[in-house]
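Secondary and tertiary structure notes
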Amino acid sequence: MHGAAGAVLNVLTPRAGSTLAVFGAGAVGLAAVMAAALLPLRALVAVDVQRSGLELAKSLGATHVIHAGDTDPVRALREITEGGPDHVVECSGVPEVLTQAIHALGTGGCVAVVGVPPFGQTAAVDVADLVNGGKRVHGVVEGRSNPPTFLPQLAKLVAAGQLPMGKLVATFPLEDIERAAAATNDGSVVKAVLLPSLGR
């Protein structure tokens, strides 16, 4: 949560009326959606290929969702935001998706890269588009936060129901690890948490 929320609140710091897109509607991307939903944005768009994640993004505050398997996300984002989003949080960790995220940005926009592929993987960047569009790409580790101050702030938001983390988590007893893995793989659960069987 703190990595994704920090990317939005500490790095991108969107102004009122700006637009933001989140690529990837897994646990990290949905946490970014929750944090962005706290702000007075003109549009908050989630992009993914899994419909269950997109439906959850809508319930967490996304104003629009784009199924990247059905629609060109770059074109759709430019239409929704009238030229491209001001901010993007890239959470998928897929280099080709990062390329799309950069390309989709509006003039002067910034991508906060949170998703990380294995070392050595590269993403193609249209350098002329990057330069002429005044675009920025910002790598973000742990939300660029100061944990002793940022984590208590997030905890207060969770306690107040403003960051509904419970919608992302499903608990399973440790002996149901296979069921937890299957639920995660089919998208019916975003974040499976295994609970040890105490007293045995």
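Rules used in this analysis
Residues numbered from 1 in each chain as written. Predicted model: local features only at pLDDT ≥ 70, side-chain atom pairs only at ≥ 80, totals over all residues. Heavy atoms only, no water. UniProt positions renumbered as here; feature names shortened; annotations may be inferred. Helix = DSSP H or I, 4+ residues; strand = E, 2+ residues; numbered from the N terminus. Pairing = 2+ DSSP bridges. Axes fitted to C-alpha atoms, helices over the stretch in contact; angles between N-to-C directions. Contact = heavy atoms within 4.5 Å. Right-handed = clockwise from strand over helix to strand, strands pointing away. Buried < 20%, exposed > 50% of the residue type's maximum accessible area, 1.4 Å probe, protein only. Arc of directions from axis to C-beta. Polar contact = N/O pair within 3.5 Å; in protein donor to acceptor, adjacent residues only side chain to side chain. Core = buried A, V, L, I, M, F, W, Y, C linked by side-chain atoms within 4.5 Å. Parallel < 35°, antiparallel > 145°, perpendicular 65-115°, else oblique. Nonpolar A, V, L, I, M, F, W, Y, C, P; charged D, E, K, R; others polar.

1. Overview of the UniProt feature "transmembrane region" (unreviewed entry) in the protein chain
- UniProt feature "transmembrane region" (unreviewed entry): in the numbering of this structure it lies at residues 20–41.
- In residues 20–41, helix accounts for 45% and strand for 18%; the two terminal C-alpha atoms are 7 Å from one another.

2. Re the sheet that holds strand S4 (residues 87–90)
- Read from one edge to the other, the open sheet built from six strands follows the order S3-S2-S1-S4-S5-S6, with strand pairing classed as parallel. Edge positions in the sheet fall to strand S3 (64–67) and strand S6 (136–139), since each of these pairs with one other strand and no more. For this sheet, the mean inter-axis angle between neighbouring strands, taken without regard to orientation, is 20°.
- As paired strands, strand S5 (residues 110–113) and S6 are joined by four bridges and run parallel to one another. By the bridge assignment for S6, Ala 112 is matched with His 138.
- Across the face of the sheet, helix H3 (residues 51–59) comes into contact with strand S2 (43–48) and S3 while running at roughly 175° to S3.

3. Some details on the UniProt feature "domain: Alcohol dehydrogenase-like C-terminal" (unreviewed entry) in the protein chain
- The UniProt entry lists residues 27–150 under the feature "domain: Alcohol dehydrogenase-like C-terminal" (unreviewed entry), expressed in the numbering used here.
- The annotated region residues 27–150 carries 39% helix and 18% strand content, and the separation between its end C-alpha atoms amounts to 19 Å.

4. Remarks on the pairing of S3
- Here four bridges tie S2 to S3, and the two strands are oriented parallel to one another. Along S3, the bridge assignment pairs Val 47 with Ile 66.
- With respect to chirality, the unit in which S2 leads through H3 into the neighbouring parallel S3 is right-handed.

5. A few points about helix H4 (residues 73–81)
- Turning to H4, its buried residues number three or more, namely Pro 73, Val 74, Ala 76, Leu 77 and Thr 81. Taken end-on, H4 shows its buried residues confined to a sector of 165°, consistent with a single buried face. Among the exposed residues of H4, those pointing more than 90 degrees away from its buried face are Arg 75 and Glu 79.
- Looking at the packing, one finds that the buried side of H4 touches strand S1 (19–23), S2, S3 and helix H5 (95–104).
- In this structure Asp 72 caps H4, since a side-chain oxygen of it lies 3.0 Å from the backbone nitrogen of Val 74.
- In the stretch just after H4, Glu 82 is the one whose phi turns positive, near 60°.

6. Here's the deal with the nonpolar core
- Counting 34 residues, the largest nonpolar core has Val 8, Leu 20, Val 22, Leu 30, Val 33, Leu 60 and Val 89 as its most contacted members.
- A per-element tally of this core places helix H2 (residues 27–36) first, with seven residues.
- Excluding anything up to four places from it in sequence, Val 89 contacts Ala 7, Val 8, Leu 12, Leu 20, Ala 21, Val 22, Phe 23, Ala 32, Ala 112 and Val 114.
- Grouped together as the second largest cluster of nonpolar side chains are 18 residues, Val 97, Leu 98, Ile 102 and Leu 105 included.

7. With respect to the pairing of strand S8 (residues 191–195)
- Examined bridge by bridge, strand S7 (residues 169–173) and S8 share five bridges and lie parallel to one another. Paired with Thr 171 across the two strands is Val 193, which belongs to S8.
- With respect to chirality, the unit in which S7 leads through helix H8 (residues 177–185) into the neighbouring parallel S8 is right-handed.

8. Observations concerning the packing of helix H1 (residues 2–12) against helix H7 (residues 147–159)
- Two elements in contact, H1 and H7, have axes whose closest approach is 11 Å; the angle formed by their N-to-C orientations is 100°. As judged from the angle between their axes, H1 and H7 are roughly perpendicular. For the pair formed by H1 and H7, the contact residues are His 2, Ala 5, Gly 6, Leu 9 and Asn 10 on the first element and Phe 150, Leu 151 and Leu 154 on the second.
- Split by residue class, the contact of H1 with H7 holds five nonpolar, three polar and no charged.

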